[in-house]
Amino acid sequence: MDQLIGGPLSAACDAQVSLAKATSDFIETVGFENGKVRMVPFSFEKPEQIQQPDGSVKIESTAYEIKVPFISIVSVPTLQVTEVDVNFMMEVKSSFSEQTKDDRQASFEAEASGRIGPFSVRVKCQGSISSSKETQRKSDNSAKYDVTVKARQTGTPEGLSRVLDILQQSIAPVPAASEPKAA
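A.B. asks: If you had to explain the overall build of the protein to someone new, which residues and values would you point to?
C.D. replies: Counting its secondary structure elements, the protein contains two helices and nine strands. A burial count over the protein gives 10% of its 183 residues as buried. In the protein, of all internal contacts separated by at least 6 residues, the share reaching a separation of at least 24 is 72%.

Here is the structure:
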């Protein structure tokens, strides 16, 4: 019984270890490159209002560049085994299927004759005996075993959230280096 009930629980524990390792491997593979946080460069133009000396407003586009940690823009898999149901039902019908038949038969016959004085006696005896025996036994053993494991995507772990917050604070747009314009 300990193997029937403990086996699925041990397998669920092993599955949780595998899921945690998958999350760790994902962060290591996707989030880092050569031991440093993998950054993704973006560039964009932002329209800005520039006040002119005559009081008018001129709108010019300014080019910006930004580097974002790649791990902050992808979904990190954080699956966890959240529930394990082990249902074990066993039905035992204890009867055996065995059929035996035993027939026996015996008979005898005897005849005797004799004289007793002026009388003559003749005796005839006949007999038979039979026996029949039949036995039947059946056996049926059955078991049902049902294991349900539920895994769900959980929220981002607190430690990873804090790291992502720190990385988020390091994101700031910087004006792109302007190329010299040809005259």
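A.B. asks: Give me the lowdown on the sheet that holds strand β3 (residues 39–51), citing residues and values where you can.
C.D. replies: Pairing within the open sheet is antiparallel, and its three strands lie in the order β3-β4-β9. Looking along the sheet, the strands with just one partner apiece sit at the ends: β3 and β9 (174–175). As judged from the 13 bridges shared by β3 and strand β4 (residues 57–69), these two strands associate in the antiparallel manner. Directly across from glutamate 48, in β4, lies its bridge partner glutamate 60.

A.B. asks: Please set out the nonpolar core residue by residue, giving values where relevant.
C.D. replies: Judged by nonpolar contacts, Ile71, Val76, Leu160, Leu164 and Leu167 together constitute the single largest core of five residues. If near-sequence neighbours (up to four positions away) are discounted, isoleucine 71 is found in contact with Phe26, Ile27, Gly31, Val76, Leu164 and Leu167.

A.B. asks: Residues and numbers for the packing of aromatic side chains, please.
C.D. replies: For any two aromatic rings, the description comes down to two numbers: the centre-to-centre distance and the angle of the planes. Under the criterion given, the structure shown has one aromatic pair. Ring centres of phenylalanine 44 and tyrosine 64 lie 5.6 Å apart, and the angle between their planes is 20 degrees; on these two criteria the pair is classed as stacked. A residue pair is termed long-range when its members are at least 10 positions apart, and phenylalanine 44 in strand β3 and tyrosine 64 in strand β4 qualify at 20 residues.

A.B. asks: Describe the pattern of salt bridges, naming the residues involved and giving the relevant values.
C.D. replies: Within the structure shown, the criterion is met by three salt bridges. Note that aspartate 25 is salt-bridged to lysine 21, the shortest N-O span being 3.3 Å. Here aspartate 25 and its partner lysine 21 are both found in helix α1 (residues 2–31), four residues apart, which amounts to about one turn of the helix. Overall, the relative accessible area of 52% leaves lysine 21 in the exposed class. Taking the shortest distance from any N to any O, the salt bridge between lysine 58 and glutamate 60 comes out at 3.4 Å. When its relative accessible area of 33% is taken as the criterion, glutamate 60 is described as partly exposed.

A.B. asks: Help me get a handle on a nonpolar patch on the surface, residues and values and all.
C.D. replies: Residues Phe32, Val37 and Met39 make up a contiguous nonpolar surface patch of roughly 220 Å² in combined accessible area. The topology assignment puts phenylalanine 32 in strand β1 (residues 32–33).

A.B. asks: Any chance you could break down the confidence of the model for the protein for me, citing the residues and the numbers?
C.D. replies: On average, the protein scores 77 in pLDDT, and the residues at 70 or more come to 80%. Highest mean pLDDT in the protein belongs to β1 (91); lowest belongs to strand β8 (residues 140–153) (66).

A.B. asks: Give a description of helix α2 (residues 158–169) that names residues and reports values.
C.D. replies: In this model, α2 (12 residues) spans 17 Å end to end at C-alpha, consistent with the 16 Å of a helix rising 1.5 Å per residue. Residues of α2 that are buried: Leu160, Leu164 and Leu167. Seen end-on, α2 carries its buried residues on one side only, within an arc spanning 60 degrees. Those residues of α2 that are exposed and angled more than 90 degrees off the buried face are Glu158, Arg162, Ile166 and Gln169.

Cut-off values and rules
- Residues numbered from 1 in each chain as written.
- Predicted model: local features only at pLDDT ≥ 70, side-chain atom pairs only at ≥ 80, totals over all residues.
- Heavy atoms only, no water.
- Helix = DSSP H or I, 4+ residues; strand = E, 2+ residues; numbered from the N terminus.
- Buried < 20%, exposed > 50% of the residue type's maximum accessible area, 1.4 Å probe, protein only.
- Contact = heavy atoms within 4.5 Å.
- Pairing = 2+ DSSP bridges.
- Core = buried A, V, L, I, M, F, W, Y, C linked by side-chain atoms within 4.5 Å.
- Phe/Tyr/Trp six-rings, centres within 6.5 Å; stacked < 30°, edge-to-face > 60°.
- Salt bridge = Lys/Arg side-chain N within 4 Å of Asp/Glu carboxyl O.
- Patch = residues over 30% accessible without salt bridge, like charges linked within 9 Å, V, L, I, M, F, W, Y side chains within 5 Å.
- Areas by Shrake-Rupley, 256 points an atom, 1.4 Å probe, with all protein chains shown as cover.
- pLDDT = per-residue confidence, 0-100.
- Expected span 1.5 Å × (residues − 1).
- Arc of directions from axis to C-beta.

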